[in-house]
Amino acid sequence: MLFSSNIIALDFKDMQKISLKKDEQKKILVKYGKVEKLFKFRWTLYVNGGLVVFRSYDKIVAQNVLYLRYKNNCFRFDLMPKGTSSPYTPYILVKFKEFDFDTKEAHFELFISDKKMRILLENLENG
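Let us look at the structure shown here.

About the criteria used
- Residues numbered from 1 in each chain as written.
- Predicted model: local features only at pLDDT ≥ 70, side-chain atom pairs only at ≥ 80, totals over all residues.
- Heavy atoms only, no water.
- Helix = DSSP H or I, 4+ residues; strand = E, 2+ residues; numbered from the N terminus.
- Buried < 20%, exposed > 50% of the residue type's maximum accessible area, 1.4 Å probe, protein only.
- Contact = heavy atoms within 4.5 Å.
- Pairing = 2+ DSSP bridges.
- Axes fitted to C-alpha atoms, helices over the stretch in contact; angles between N-to-C directions.

## Considering the overall build of the protein chain
Part 1 of the argument: When helices and strands are tallied, the protein chain shows one helix and nine strands.
Part 2 of the argument: The linear arrangement of helices and strands in the protein chain, starting from the amino end, is α-β-β-β-β-β-β-β-β-β.
Part 3 of the argument: Burial statistics for the protein chain: of 127 residues in total, 40% are counted as buried.
Part 4 of the argument: In the protein chain, the proportion of contacts linking residues at least 24 apart, taken out of those at least 6 apart, comes to 44%.

Have a look at this one:
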């Protein structure tokens, strides 16, 4: 099982570690071609092992409850519309890694999968 997870990790172009306090928002500008889109996410509640996360990308808003268990620890979204010219669509995967009770911070890993190297991410000030 460890071997297969290493193979999956090779599909990712980049990985960022992110730590956020309650209601602290992470903003990332996603660029491809002449297009710029804003990805934002924050967490609002950690109770019974579940972390409530609000996120938006390209004016689409969603909510997830993430757990440290393998099947419920991440969310993923496509960065570009699915096209007929390529069966592959670049995406971001955000994984909940840990909750630090001392600092009251949630720790995440953000992965980008972009086989054709079309995507550029720019970290903006947290707000």
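## Structural notes on the environment of lysine 97
Part 1 of the argument: Here lysine 97 lies in strand β7 (residues 91-100).
Part 2 of the argument: Spatially, the C-alpha atom of lysine 97 lies 7.6 Å from that of asparagine 73, the residues being 24 residues apart in sequence.
Part 3 of the argument: Beyond its immediate stretch of four places on either side in the chain, lysine 97 contacts Leu68, His107, Phe108 and Glu109.

## A few points about the sheet that holds strand β1 (residues 14-21)
Part 1 of the argument: One open sheet holds the four strands; their spatial order is β1-β8-β7-β6, and the pairing between them is antiparallel. Single-partner strands in this sheet number two, and they are β1 and β6 (74-78). Ignoring which end each strand starts from, the neighbouring axes of this sheet average 20 degrees apart.
Part 2 of the argument: As judged from the five bridges shared by β6 and β7, these two strands associate in the antiparallel manner. In the strand pairing of β7, aspartate 78 is matched with tyrosine 91.

## Observations concerning the pairing of β7
Each regular strand shows side chains that alternate between the opposite faces of the sheet.
Part 1 of the argument: The pairing of β7 with strand β8 (residues 105-113) spans nine bridges and is classified as antiparallel. Bridged to phenylalanine 96 within β8 is phenylalanine 108.
Part 2 of the argument: Count of turn residues in the β7/β8 antiparallel hairpin: four residues, of which lysine 104 carries a positive phi of about 55 degrees.

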